Amino acid sequence: MKIICAVAGVAVKELYRRKEFYVLLIVTILICLVMGSVNVFNDDKVIRYLKELALLLIWISTLIIAITTTARQIPAEKEQRTLLPLLAKPLSRNQLIVGKFLGCWVACGLALICFYIFFGALAASREHAWPLLNYFQAALLHWFALGVVVALALFGSLVFAAPSSNSTICFVIVATILCLGRYLDAVALAQSEPIRSIFYAIYFAIPHLEIPFGMRNLIVHNWPLVEWKFIALDAIYLLAYIALFLAAACLVFRRKPVN
Amino acid sequence: MNTILKTEKLRVEFKTRQLGKATTKVALNGLDLAVQAGEVFGFLGPNGAGKTTTMNVLLGFIQPTGGAAYLFGIDVRQPIARQRIGYLPELTYYYKFLNAEEILRFYAKIFKIPNAEAEKRIDFVLKLVELQHARKRLIKTYSKGMQQRVGLAQALINNPDLLILDEPTSGLDPVGRMKVRSIIQRLKNEGRTVFFSSHEMGEVETICDRIAIINNGELKAVGSVSEISSQHGANLEKAFLDIIGFQPEAVA
Amino acid sequence: MFGFPPQTRELKMISPRKISLLFIALLIFCFGLAANLLPQFWRIENENHQSQNFFALLLGDSSRIFANSFATKADAYYHSGYYPTIFDNNSAFKTLHMAEDTGAVASHNSGEEENFMGPPRDWIDAFGRHFIPNRHTHLDEGGPTDDLSKSDEVREILPWLKLSAELDPHNIQTILATSFFLRTKMNKTSDAEEVLREALRSNPDNSQLLFELGRIRFENYADTFRARNIWEAALRELQKQIVQKKEDKLDFDDRFMFEQLETKLAQLEEYAHNNGPAISHWEAVKIVSPTPEEIQKHIDELKQKTAATNSPAQ
Ligand SMILES: Nc1ncnc2c1ncn2[C@@H]1O[C@H](COP(=O)(O)OP(=O)(O)OP(=O)(O)O)[C@@H](O)[C@H]1O
Ligand SMILES: [Mg+2]
C-alpha cells in the first residue's frame, strides 16, 4: 500500500506542478464572470443559465484534466525512460498501474473540489443558498465518473502507443457516451436486426457516465436530493467499471516488454 | 562463496518486422552466468552483443523466451528479487517536475525505508555523488553529468547488496569517470557485489575481479582479467578483439 | 559548476507559459467586452434596420435555427429541465408551454406531459431516471418545490428568451412569453412594453403582439382608451389576414386569437360600463366559442343589468 501511495503521490505532484489545471480553472472562472456580466432585462438575480454554463465547463475541464494527465503517465515514463529505474525497484507492475490510477483519480478529485467550490460560490452569490448535500451528491458521482475515465485512459495508454491518439479516442468515446448513452437503446429499437443487436450490446456494455452527467440538471434547477441509495448504487456501478478497466490494464501490462 | 546473480541457458528472441517480413532476432542464446558475492564483475561485449538485454531480463523488464534468471536465489519474475539491488540504466532521465531530493524520497518509499532512515540515506547518497548543492533544484535544470549522478544516487538509495550498472561511465568527462570508478571501488571495499557493463578496457582492467565476454548473445569467455589476457598472450584489449573474432588485417 | 549563467536565469523569468496565460486572459477579456458592447454599437449604427443585429449578422441565415433552439431551451428551463429530447415523444411539447400561458397562443399539445418518456425501456433507463428531472412542473408555479411564493423564479428563462428574440425578431411566441413574464411575474411592466414595441417595429401588423400590448395598457395602466384602440387595430389586422388566406374555414390559431381579442374587448367595455358594445363583442365571442351557452347566459345577465340601470332613469 505504501508503494501504491508513493506512486500516486508523484502523479498528484505532477498535476499541480504542471500548469494545465490552473489554466483551465482560470479560463472557467473568467468565462463565467464574463457571462455573468451580461445584462438580462436589468435583473441581477438570474443565475441558472450561469450555473448550467459553469457546470458544463467544469465537466469539460475535468475531463480534459483526467484524460490528458492519465494518457501521458505511462507513455511519458517510457519516453523519458523513467520507467526502467522505477520497475527495477521491488514493485510489481500491478502496483504501478493501481498507483498511477489512484494518483490521477485523487488529482482529479482535488481539481474537482476547487471547481465545485468556485461553482458553489458562483451560485451563492445570487441565490444566497448553499445546498451542500446536493453539490456533494453531484460532485461525488462526477468523481466516480472521472475514475472510470481515468481507468479507461490508463488502459488506452497501454494499448495505443501514442498518447495523443489515446487521448483523442478516449475523448470521442466519453463524449459519445455522455451525449448518446442514454438513448442508445431507443436508437437500437429503430434499427433492423443485425444492427439492433449490436447497438443493444454496446448499450449494455458501456459505462453509463451520462447518469452523473445528467445530474447537472438537478443542481441547476434546484431539484431535491436524489435518494442516497441510488447514489450508492451508481457509485458501485461505476466502481465495477473502474475495476474492470484496471484489471484489463494490468493484464495488458503484465507481460509487456518495457525496453 | 554464494552465487548472487545467476542465469541458466538464458534465451531471448525478438520478433521484428523487416520490410513487412516477420523475422526473429536471437539476442541471447543459452547464456550461463554466475556472479559471486563480493566481486566486481565486468560484462563485456561489442555493440549489440546482448549486454543490455541480459540486464533487462535480470530486472524483469522483458520475459526470456527460454531459460531462467535468479537474483539472490529468487526468480527475477518476483518483485521481491529486486529488493536488495540497485540499478543504473544505460540512458535515463528522471521526472522533470521533481527535484533530486523528491525523487530519492519517492524511490525510498518504494523500498519501504522508514522516513527517518530515508532522510539519512538521501543525505548520504547526495553527498556521495556530490549533488548536495543542487538537491532542491528541478531535474530539468540539470546537466547530463548531473543527471547521471542522480541515477547513481537512486541506485544506491536502498543500500543495495548488488549493483547492476549499464555503462555507468558513458558520456562522462574524465573527472566524472574517475569519481564513478572510485565509488565502485568503495562499494567493493564495503563487500558489495557490482555487475556492470562497459566498453572501457582500461577501466575494466583496473577495477574488475572477473569478467565475462559475450558476442552475438553467446558467452565467449569468463574468468579473471589476468587469466583471460594471459590465455591470449597480450593485454585485455587484444584478448577482447581476439575472442570476438575481429581481424585487424581485414580492416587494413 | 553546472549552474546557468545569471543572464539566462533573468531571461527565464518571463516563461512562455506565463505569456500564453496572459494572452488567454486578454483574449477572454476582449471577447467578453465585444460580446457586451458590440450589440449596443450595432443598435446605434443600424437604428433604421433593426433586424440586423450583431448575432444575426454573425450567424447569418442559421440564426433562426439557433433562435428556435434557445426558445426551446427557455421552455426546458420553464419545466426545470423536464423536457423531451429528439429521442423522446414530444407531442406534449409542440407548443411552448411558457407561451401557452400568455393566453395569446393556441395550444397544439397532446396534454400528456407526464409520460413523454414512456415506460422504462430497460433497467439502465429505469435507474437513470432517478438522476434526471422526472416530474412535470412549471417554474411560475414554484418549480420542483411547488412553492408558489417562488413563482418569480420564472426569471431564469429570461436569458434564453432574450437571446432567442435577439436572433430572430420574428419569433412571436418568444416575444410574447418574454413580455408576459416580465409583466406578470417580475413587475417589469415598462420592460415588457419595451419588448413588445421593439418587436412591433419588425412585425407591425401582428395581432398577437398588439393583443399583448393592449393587455398591458388595460391591465396595468387601466388605460381603456389606448387599450381599445390597440385591440381594435389588432382585430382589423386579424381580419385582413383571414381575408388574405382565402380559406372557407377559420384556422385554429386565428379562431383562438379572434376569441381572445373579442373577449378582452367585451371585458374592457364592461369595465368602462359600455354595456351596449360589450354585448356586441360577446355576441362575436359566442360564434367561435366552444361553449356558446355560457356566453349566451352572460349576455342575458348583461341585458338584464342594462335594463335595470336604464329603467329607473325612464
Ligand atoms: N526491442 C527490441 N526489438 C528488437 N531487437 C532488439 C530489441 N532490443 C534489442 N534488440 C536487439 O538485440 C541485440 C542485443 O541488444 P543489446 O541492447 O542487448 O546490446 P548491447 O550489448 O547492450 O549493445 P550496446 O553496447 O550498444 O549497448 C541487438 O542486436 C539489438 O538490435
Ligand atoms: Mg547496451
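Our subject is the structure listed above.
My aim in this report is to walk through the structure given alongside it, one point at a time. The numbers attached to residues start from 1 for each chain and follow its sequence in the written order. Chains and ligands are labelled sequentially in the order written, the chains with letters from A and the ligands with numbers from 1. In keeping with the model being predicted, local features are shown solely for residues with a pLDDT of at least 70 and side-chain atom pairs are shown and tallied solely at 80 or more, while totals for entire chains, interfaces and linings include all residues. Note that the side-chain values use all heavy atoms of the structure and ignore hydrogens as well as water.

### Some points on the overall build of chain B
Helix and strand definitions here come from DSSP, where helices need a minimum of 4 consecutive H or I residues and strands a minimum of 2 consecutive E residues; each element is numbered from the N-terminal end. If you tally the helices and strands in chain B, you get nine helices and ten strands. By the compact-globule yardstick of 18 Å for 252 residues, chain B fits well, its C-alpha radius of gyration being 19 Å. In terms of its C-alpha atoms, chain B occupies a principal-axis envelope of roughly 55 × 45 × 40 Å. Taking all 252 residues of chain B together, 53% fall into the buried category. For this analysis, residues touch if any pair of their heavy atoms sits within 4.5 Å. In chain B, once contacts between residues fewer than 6 apart in sequence are set aside, the share between residues at least 24 apart is 65%. Accessible surface area values rest on a Shrake-Rupley calculation with a 1.4 Å probe, where residue burial reflects the displayed protein chains alone. In the form shown here, chain B has an accessible surface area of approximately 11,300 Å², with 51% of it arising from carbon and sulfur atoms. As a reference, a globule follows 2.2 Å times the number of residues to the power 0.38, and the radius of gyration itself is taken over C-alpha atoms. For the exposure calls, accessible area comes from a 1.4 Å probe over protein chains only, and a residue counts as buried if that area is under 20% of its type's maximum, exposed if over 50%, partly exposed in between.

### A short note on the pairing of strand β4 (residues 66–71) of chain B
All names here are of chain B. Two strands pair under a simple rule: DSSP has to find at least two bridges between them. Two strands pair when backbone bridges link them, and strand β1 (residues 3–18) and β4 are joined in this way by five bridges, in the antiparallel orientation. Residue pairing across strands places K6 opposite Y70, the latter belonging to β4. In this structure, β4 lies alongside strand β5 (residues 74–75), joined through two bridges in antiparallel fashion. In the strand pairing of β5, L71 is matched with I74. In this antiparallel pair of consecutive strands, β4 and β5, the connection spans two residues, and F72 shows a positive phi of 55°.

### Considering the pattern of salt bridges
All names here are of chain C. By definition, a salt bridge exists where a carboxyl oxygen of Asp or Glu is found within 4 Å of a side-chain nitrogen of Lys or Arg. Under the definition given, this model contains 35 salt bridges over all chains. In this structure, the salt-bridge partner of R183 is E212, at a minimum N-O distance of 3.2 Å. Here the residue R183 occupies a position in helix α8 (residues 172–184), and E212 occupies one in helix α10 (residues 207–221), the gap between them amounting to 29 residues. A salt bridge links E212 to R215, with the nearest nitrogen and oxygen atoms 4.0 Å apart.

### A closer look at the side chain of R183 of chain C
For R183 of chain C, a relative accessible area of 5% translates into the label buried. Excluding its chain neighbours within four sequence positions, the residues that come into contact with R183 of chain C are K188, A192, E212, R215, I216, E219 and N220 of chain C.

### Some thoughts on helix α2 (residues 100–110) of chain B
All names here are of chain B. Of all eleven residues in α2, nine are buried, a share of seventy percent or more. For α2, the full list of buried residues reads A100, E101, E102, I103, L104, F106, Y107, A108 and I110. Positioned one or two residues after α2, K112 has a phi angle of 55°, which is positive.

### Side note on the nonpolar core
In this text, buried Ala, Val, Leu, Ile, Met, Phe, Trp, Tyr and Cys residues form a nonpolar core when linked through side-chain atoms within 4.5 Å. Counting 236 residues, the largest nonpolar core has F195 of chain B together with I157 of chain C as its most contacted members. With residues near it in sequence (within four places) discarded, I157 of chain C still touches A74, Y77, Y78, M98, L139 and F181 of chain C.

### Description of the packing of aromatic side chains
Geometry of aromatic contacts follows a simple scheme: Phe, Tyr and Trp rings, the Trp one being its six-membered ring, pair when their centres are within 6.5 Å, and the pair is stacked under 30 degrees between planes, edge-to-face over 60, tilted otherwise. Using the criterion set out here, one finds 27 aromatic pairs over all chains in the structure. Taking 6.3 Å as the distance between ring centres and 20° as the angle between the ring planes, the aromatic pair formed by Y200 of chain A and F204 of chain A counts as stacked. Here F204 of chain A and Y200 of chain A lie together in helix α9 (residues 193–205), a separation of four residues that amounts to about one turn. Residue Y200 of chain A is classed as partly exposed on the basis of its relative accessible area of 25%. Both rings, one in Y95 of chain B and one in F106 of chain B, keep their centres 6.0 Å apart while their planes meet at 75°; by these two values the pair is edge-to-face. Of this pair, Y95 of chain B sits in the loop between β6 (85–88) and α2 while F106 of chain B sits in helix α2, and the two are eleven residues apart along the sequence. In this pair, the class of Y95 of chain B matches that of F106 of chain B, namely buried. In textbook terms, an aromatic cluster arises when at least three aromatic residues are bridged by ring pairs, as seen for F101, W105, W143 and F144 of chain A.

### Some thoughts on the interface of chain B and chain A
Counting from both sides, the interface comprises 33 residues of chain B and, opposite them, 28 residues of chain A. Values labelled buried area give the accessible surface lost by two parts on being combined, using a 1.4 Å probe and summing over both. When chain B packs against chain A, close to 2,800 Å² is buried across both sides, 66% of that on carbon and sulfur atoms. It is F61, F97 and I110 of chain B in chain B that bury the most area against chain A; as a group they hold 25% of the surface buried on that side. Inspection of the chain B/chain A interface yields two salt bridges. Between E102 of chain B and R17 of chain A there is a salt bridge whose closest N-O contact spans 2.8 Å. Think of a polar contact as two N or O atoms within 3.5 Å of one another; within protein, one of them needs to be a possible hydrogen donor and the other a possible acceptor, and neighboring residues in sequence only count if both atoms come from side chains. The interface formed by chain B and chain A contains eleven residue pairs in polar contact (both at pLDDT 80 or more). Residue assignment for the side of chain B that touches chain A shows that the elements contributing at least two residues are β6 and α2 of chain B. Considering every element that reaches the side of chain B that touches chain A, the biggest residue donor is α2 of chain B, with five residues.

### Focus: the interface of chain A and chain C
The interface is formed by 46 residues belonging to chain A together with 45 residues belonging to chain C. Summed over both partners, the interface of chain A with chain C buries about 4,000 Å², with 68% contributed by carbon and sulfur atoms. The interface formed by chain A and chain C includes two salt bridges. Inspection of the region where chain A meets chain C yields nine residue pairs in polar contact (both at pLDDT 80 or more). Counting only elements with at least two residues in the side of chain A that touches chain C, the list comes to α2 (20–36), α3 (48–79), α8 (184–189), α9, α10 (210–220) and α11 (228–254) of chain A. Only Asp, Glu, Lys and Arg are considered charged, only Ala, Val, Leu, Ile, Met, Phe, Trp, Tyr, Cys and Pro nonpolar, and every remaining residue, Gly among them, polar. Among the residues forming the side of chain A that touches chain C, the class breakdown is 30 nonpolar, eight polar and eight charged.

### Topic: unusual backbone geometry
Residues and elements named next belong to chain B. Even without glycine at this site, E130 takes up a positive phi of about 60°. Structurally, E130 can be placed in the loop between α3 (115–128) and α4 (144–156). Phi is positive for E167, close to 45°, though the residue is something other than glycine. For E167, the position within the fold is in the loop between β7 (162–166) and α5 (174–189). With a relative accessible area of 13%, E167 lands in the buried category.

The quantities given are spatial measurements derived from coordinates; they are silent on function.
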